[in-house]
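Survey of secondary and tertiary structure
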Amino acid sequence: MMLWNEYTFRIIIAGAAILGLAAGIVGTFAVLRKESLVGDGLSHAALPGIALAFLWTGTKETGWLLLGATVSAVLTSWLITLTVQYTKIKFDAALATLLSSFFGFGMVLLTYIQSLNNAAQAGLTKFIFGQAASMMLRDVYITSGTALLIILTVLICWKELKLIAFDTEYAETLQIPVTAVTVIYRAMLILTVIIGIQTVGAVLISSLLIAPAAGARQWTDKLGTMTVLAGLFGALSGIGGVWWSASVSKLPTGPAIIIMLSVFVLTSLLLSPKYGILCRLKRRLSVFHERAK
């Protein structure tokens, strides 16, 4: 309760909850479109953008760093599209290649930055594993504002996003601008990755995108219910992870959030009434006993 009395802690935990909510909602469409690894690729690709932005500006101001991350992520997305369209390389191979290349380049740049005689360099590595506790109030406002914009966009484009997630060809017959909607979806995906890097880190942000939807899918076959559950799992994980990180000395925020999220996913895999492992096992045992009679 002492933590809750601190104004800064309440702001940070609210920002993490909104981030988790947005990530769960956007991640639902990524899972349905079978693009679960796209978030992983974009998050790793954002790291060199952060490093180059610091080298260019000499400051750790969040706005500049996130701008660099955005440019790097957009460039990666564009390169993946070009590679798949104009070469014989498949999507997963292109994604894996560019993911490792950009992340390796980012680590080289961070190592170089650490060798510089610049007092502002300290703390850049927090973008690898995340550290919400180091966020300033302005950073939280940027994260929360962007997350709310993403949620609002999903509500406005709900019908279009739903159609292209399940049947792109049918959406085209209804004269829905599939390309434009796909661009909007990918923009939301990139924005979610960018705003989540400081909280969860480049390594783990893809888990915050995909795991809530994977857990929610175990409970329902309806898209609306799945989206709400995914957002709820993401939000509760953000709250629990920040609280745990603030309560334990030197515990990184990102891993704490993902561990909390893993609890929700594991519970869903075990206990969901339709697809849960234990419930399916119970049904099979019931059938076995009926046949044994």
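Residues numbered from 1 in each chain as written. Predicted model: local features only at pLDDT ≥ 70, side-chain atom pairs only at ≥ 80, totals over all residues. Heavy atoms only, no water.

1. Side note on the packing of aromatic side chains
One pass over the structure, following the stated rule, counts two aromatic pairs. A centroid spacing of 5.9 Å and a plane angle of 75° characterise the contact between Phe29 and Trp158, whose relative ring orientation is edge-to-face. Within this pair, whereas Phe29 is found in helix α1 (residues 7–32), its partner Trp158 is found in helix α7 (residues 158–166), the two being separated by 129 residues in sequence. Residue Trp158 is classed as partly exposed on the basis of its relative accessible area, which comes to 23%. (Phe/Tyr/Trp six-rings, centres within 6.5 Å; stacked < 30°, edge-to-face > 60°. Helix = DSSP H or I, 4+ residues; strand = E, 2+ residues; numbered from the N terminus. Buried < 20%, exposed > 50% of the residue type's maximum accessible area, 1.4 Å probe, protein only.)

2. Details of the pattern of salt bridges
By the definition in use, this model includes one salt bridge. For the salt bridge of Arg217 with Asp221, the shortest nitrogen-to-oxygen distance reads 2.8 Å. Using a relative accessible area of 44% as the deciding quantity, one classes Asp221 as partly exposed. (Salt bridge = Lys/Arg side-chain N within 4 Å of Asp/Glu carboxyl O.)

3. Quick word on helix α6 (residues 137–156)
Spanning 20 residues, α6 covers 29 Å between terminal C-alpha atoms, matching the ideal 28 Å at 1.5 Å per step. Among the residues of α6, those classed as buried are Asp139, Val140, Thr143, Ser144, Thr146, Ala147, Ile150, Ile151 and Val154. The arc that holds the buried residues of α6, viewed along the axis, is 165°, so those residues lie on one side. In α6, those exposed residues whose orientation departs by more than 90 degrees from the buried face are Leu155 and Ile156. (Expected span 1.5 Å × (residues − 1). Arc of directions from axis to C-beta.)

4. Examining a nonpolar patch on the surface
Where nonpolar side chains cluster on the molecular surface, the patch consists of Leu52, Leu55, Phe105, Val108 and Tyr112 and spans about 460 Å² of accessible area. When residues of the nonpolar patch are traced back to their parent elements, those giving at least two are α2 (38–57) and α4 (91–114). The element that contributes the greatest number of residues to the nonpolar patch is α4, accounting for three residues. By secondary structure assignment, the location of Tyr112 is in helix α4. Looking at Tyr112, the relative accessible area reads 47%, which means it is partly exposed. (Patch = residues over 30% accessible without salt bridge, like charges linked within 9 Å, V, L, I, M, F, W, Y side chains within 5 Å. Areas by Shrake-Rupley, 256 points an atom, 1.4 Å probe, with all protein chains shown as cover.)

5. Regarding the packing of α6 against α7
Axis separation between α6 and α7 bottoms out at 4 Å; the angle between their running directions is 80°. In this view, α6 runs roughly perpendicular relative to α7, as classed from their interaxial angle. Counted together, Val154, Leu155 and Ile156 of α6 and Trp158, Glu160 and Leu161 of α7 form the full contact between these two elements. A class-by-class count of the residues in the contact of α6 with α7 yields five nonpolar, no polar and one charged. (Axes fitted to C-alpha atoms, helices over the stretch in contact; angles between N-to-C directions. Parallel < 35°, antiparallel > 145°, perpendicular 65-115°, else oblique. Contact = heavy atoms within 4.5 Å. Nonpolar A, V, L, I, M, F, W, Y, C, P; charged D, E, K, R; others polar.)

6. Describing the packing of α2 against helix α9 (residues 178–200)
For any two helices packed against each other, the geometry comes down to the angle between their axes and how far apart the axes lie. Where α2 contacts α9, the axes come no closer than 10 Å and their chain directions differ by 55°. Put simply, α2 runs oblique to α9. As for the relative orientation of α2 and α9, their crossing is right-handed in sense. From α2, Val38, Gly39, Leu42, Ser43, Ala46 and Ile50 reach across to α9, where they touch Arg186, Leu189, Ile190, Val193, Ile194 and Ile197. Its residues placed into classes, the contact of α2 with α9 shows nine nonpolar, two polar and one charged. (Left-handed = near helix turned anticlockwise from the far one by under 90°.)

7. Quick notes on the side chain of Ser245
Note that Ser245 resides in helix α11 (residues 223–247). Overall, the relative accessible area of 10% leaves Ser245 in the buried class. For Ser245, the residues in contact, after removing those within four places along its chain, are Leu251, Pro252, Thr253 and Ala256.

8. Side note on the layout of surface pockets
Approximately 250 Å³ is the volume attributed to the largest pocket. Taken together, Val38, Leu42, Ser77, Ile80, Thr81, Val84, Gln85, Phe91, Arg186, Leu189 and Ile190 make up the full set of residues lining the largest pocket. Contributing elements (two or more residues each) for the lining of the largest pocket: α2, α3 (62–86) and α9. Ranked by residue count, the leading element in the lining of the largest pocket is α3, at five residues. Per-class residue counts for the lining of the largest pocket are seven nonpolar, three polar and one charged. As for the second largest pocket, its lining consists of 13 residues, and the residues nearest its centre are Pro48, Gly49, Leu52, Ala53 and Gly68. Mapped onto the lining of the second largest pocket, the elements with two or more residues apiece are α2, α3 and α4. (1 Å grid on protein atoms, 1.4 Å probe; cavity = no way out; pocket = protein on both sides within 12 Å on 5 of 7 lines; lining within 4 Å. Points joined across faces, edges and corners; volume = space filled by probe spheres on them.)

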